[in-house]
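Letter by letter, the chains look like this.
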Amino acid sequence: MRGLALVLFIFLIALSGCGGNKAAEKPPEQTNKPAVDTTPVKLRVFLQQTISDEEVKMLWSDPLSKKYPHITLEIQRPGQGVTMDSLIASGQTPDIIFAFNGILPQYYLQDLLMDMTPLIKTHQIDLNRFDPAVIDSIKAVSEEGLVALPFSQQFTALYYNKGLFNRFGVPYPKDGMYWDEVIELAKRLSREEGGVKYAGLDAESASRVARPLGALKVDGKTDKASVNTDSWRKAFELVKTIYTIPNNERPRGTNSYNRFMKDKTVAMLATVNILPLGLEQAMKEGLDWDLVQYPSYREAPNVSTIVDSHVFSITKTSKYKDQAMRALEVFTSDEVQTMSTRKTGRMTVLNNMDVKKQIGKEMAFLEGKSLESIFKSKIIPSPRFSRFEFGANSTALDDAMYDYLGGKDINTTLRELEEKINANIAKSK
């Protein structure tokens, strides 16, 4: 009997091993990355978003050459007759587009975007490494899948010229200020002295100050104008309050960065990340500056902007999609992301606060600056952008802003703007 019991025991163990353990029956699939094809390939990269030649070399070309020496880059910069349409027409369609996440949808008009999810899975790109809000902002572009991978993201801040504050005896701005408080400072700083006009505050455009309200010109789901709203009314009224302060006017065609960094005639500039865009040279030329949190609306305290990221999209027409994904794997690696954050002042897209807080650590001119203020504001999810958000509709918005500053009433301004945007969309279609 003892022998029979032992045989039955062994049989039951064997049975459970064959049929009782479902997980053992179907082990998780192991996807092997494709073998590296070392045939020399040159990838064309179209730069819708600005990045210098030096940064391209440091952050993209050199790290790529180190890991995949057979892959090189050909940079395509727009301007002087070079457009996406001209590149397509000449047979030089890019393999990769480097762009602002909000402008991605317009590339649907040229049928260039594709769902990169299969490539991402094949190359085992871990999306959990990235800031979830940034990934969600890319997902919001399309219901078809993920059409890009992120490289960097914007932040907003209030930069101020300490020299002008000292000269006019006005206390510096502080973190956590509301727009109305910043405007009161601007009134004390806006003046004309020695034949020079000094502006207290440049907040750029109605579009910029509308971002913390999540307002876009065109509804991303319907492709119809969405400017006749309370949020846009609030944004227009804010810029009017700012730009009707005596001596604080902002003429058409104004370059806000130049006013602050080169001319040094603006006391406060509320804008995006300008750390890599000339501040070092401006300091050599006498600009004494610092930054605090971007101003917020009282109904949305500490909210600074929507997700504004710079992303890579592999084009549907590329013959080198696997090689392009290997390049993106390098550009989004911990090594390159950390280097970009430390050496160029770009905010990483990694879901890693330790890396984020290394911003500018190897940029000597930023020593002593209040960079911790950057992290005190909230960036809210990006709405879905329309294919028609930019282009002619950006010009229409600026025209409407200056019409309103010139005296047109707000109801007429927004109604006419909505009509003009819808007409532009109809023409584009």
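A.B. asks: I would appreciate a short explanation of the packing of aromatic side chains in the present structure.
C.D. replies: Aromatic rings considered in pairs are described by the distance between their centres and by the relative angle of their planes. Taken as a whole and judged by the stated rule, the model has 19 aromatic pairs. Note on W179 and Y294: the rings are 5.5 Å apart at their centroids and 90° apart in plane angle, and the pair reads as edge-to-face. Of the two residues, W179 sits in helix α8 (residues 179-189) while Y294 sits in the loop between β9 (289-293) and β10 (303-306), which places them 115 residues apart along the sequence. Members of the aromatic cluster, joined through ring pairs, are W60, F98, F151, F312 and F331. Over the aromatic face of Y404 sits the side chain of K240, whose NZ or CZ is 4.4 Å from the ring centroid. Over the face of the ring belonging to W289 we find K369, whose NZ or CZ atom lies 4.8 Å from the ring centre.

A.B. asks: How should I be thinking about the nonpolar core in this particular structure?
C.D. replies: Where a protein is soluble and globular, its nonpolar side chains tend to be buried together. Formed by 57 residues in total, the largest nonpolar core has its most connected members in W60, L104, Y107, L149, M325, L328 and F331. A total of 6 residues in this core trace back to one element, the largest contributor, which is helix α13 (residues 321-331). Excluding residues within four positions of it along the chain, L149 makes contact with M116, I120, I125, L127, F130, I138, V311, F312, M325 and L328.

A.B. asks: Please clarify how the pattern of salt bridges should be interpreted in this entry.
C.D. replies: Opposite charge on two side chains lets them pair, provided their charged atoms get close. Applying the stated criterion to the full structure yields 25 salt bridges. In this structure, the salt-bridge partner of R346 is E55, at a minimum N-O distance of 2.8 Å. Here the residue R346 occupies a position in the loop between α14 (334-344) and β12 (347-348), and E55 occupies one in helix α3 (residues 53-67), the gap between them amounting to 291 residues. An identical accessibility class is assigned to R346 and E55; each is buried. The closest approach of N and O atoms between K420 and D399, which form a salt bridge, is 3.7 Å. Of the two residues, K420 is situated in helix α17 (residues 410-428) and D399 in helix α16 (residues 392-405); the sequence distance between them amounts to 21 residues.

A.B. asks: Is there a simple way to explain the environment of A235 in this structure?
C.D. replies: In this fold, A235 is placed in helix α10 (residues 230-243). Residue classification places A235 among the buried positions, given a relative accessible area of 0%. Not counting residues within four places of it along the chain, the set of residues in contact with A235 comprises A206, V209, A210 and Y297.

A.B. asks: Explanation requested: the sheet that holds strand β3 (residues 96-100) in the structure shown.
C.D. replies: Within a sheet, each strand pairs with its neighbour through backbone hydrogen bonds, oriented either parallel or antiparallel. Taken in spatial order, the 6 strands make up an open sheet running β2-β1-β3-β11-β4-β12, and their pairing is mixed. Looking at the sheet topology across the chains shown, the edges are occupied by β2 (71-76) and β12. Together, β1 (41-47), β2, β3, β4 (149-153) and β11 (309-314) form the strand contacts of α3, whose direction differs from that of β2 by roughly 150°.

A.B. asks: How should I be thinking about the sheet that holds strand β6 (residues 191-193) in this particular structure?
C.D. replies: Taken in spatial order, the 5 strands of this open sheet run β6-β7-β8-β5-β9, and their pairing is mixed. Here the strands that pair on one side only, and so sit at the sheet edges, are β6 and β9. Averaged over neighbouring strand pairs, the angle between their axes works out to 30° when direction is ignored. Two strands pair when backbone bridges link them, and strand β5 (residues 156-161) and β9 are joined in this way by 5 bridges, in the antiparallel orientation. Counted as the bridge partner of A157 is Q293 from β9. On top of the sheet, helix α11 (residues 256-263) reaches β5, β7 (196-202), β8 (266-272) and β9; it is set at about 135° to β8, its chief contact.

A.B. asks: Help me understand the packing of α3 against α13, please; the structure alone is not making it clear to me.
C.D. replies: Angle between the axes and distance between the axes: these two values describe a pair of packed helices. Running from amino to carboxyl end, α3 crosses α13 at an angle of 110°, the nearest separation of the two axes being 9 Å. For the element pair α3 / α13, the angle class is roughly perpendicular. Taken as a pair, α3 and α13 cross one another with a handedness that is right-handed. For the pair α3 and α13, the contacting residues are L59, W60, P63, L64 and K67 in the first and A327, E329, V330 and F331 in the second.

A.B. asks: Would you mind showing me how to read the packing of α10 against α17 here?
C.D. replies: Look at α10 against α17: their axes get within 11 Å of each other, and the N-to-C directions meet at 120°. In this view, α10 runs oblique relative to α17, as classed from their interaxial angle. Between α10 and α17 the crossing geometry is right-handed. Where α10 abuts α17, its residues W232, R233 and F236 lie against I410, N411, T413, L414 and L417. Class assignment for the residues of the contact of α10 with α17 results in 5 nonpolar, 2 polar and 1 charged.

A.B. asks: Can you walk me through unusual backbone geometry in this structure?
C.D. replies: Residues apart from glycine generally show negative phi values, whereas peptide bonds are mostly found in trans. The phi dihedral of Q124 is positive, around 55°, even though this residue is not glycine. For Q124, the location among the structural elements is in the loop between α5 (117-122) and α6 (132-139). By relative accessible area, Q124 is classed as partly exposed at 44%. Of note in the backbone geometry, N302 takes a positive phi value of approximately 65° without being a glycine. Note that N302 resides in the loop between β9 and β10. A relative accessible area of 30% means that N302 is categorised as partly exposed.

Calculation rules
- Residues numbered from 1 in each chain as written.
- Predicted model: local features only at pLDDT ≥ 70, side-chain atom pairs only at ≥ 80, totals over all residues.
- Heavy atoms only, no water.
- Phe/Tyr/Trp six-rings, centres within 6.5 Å; stacked < 30°, edge-to-face > 60°.
- Helix = DSSP H or I, 4+ residues; strand = E, 2+ residues; numbered from the N terminus.
- Lys NZ or Arg CZ within 6 Å of the ring centre and 35° of its normal.
- Core = buried A, V, L, I, M, F, W, Y, C linked by side-chain atoms within 4.5 Å.
- Buried < 20%, exposed > 50% of the residue type's maximum accessible area, 1.4 Å probe, protein only.
- Contact = heavy atoms within 4.5 Å.
- Salt bridge = Lys/Arg side-chain N within 4 Å of Asp/Glu carboxyl O.
- Pairing = 2+ DSSP bridges.
- Axes fitted to C-alpha atoms, helices over the stretch in contact; angles between N-to-C directions.
- Parallel < 35°, antiparallel > 145°, perpendicular 65-115°, else oblique.
- Left-handed = near helix turned anticlockwise from the far one by under 90°.
- Nonpolar A, V, L, I, M, F, W, Y, C, P; charged D, E, K, R; others polar.

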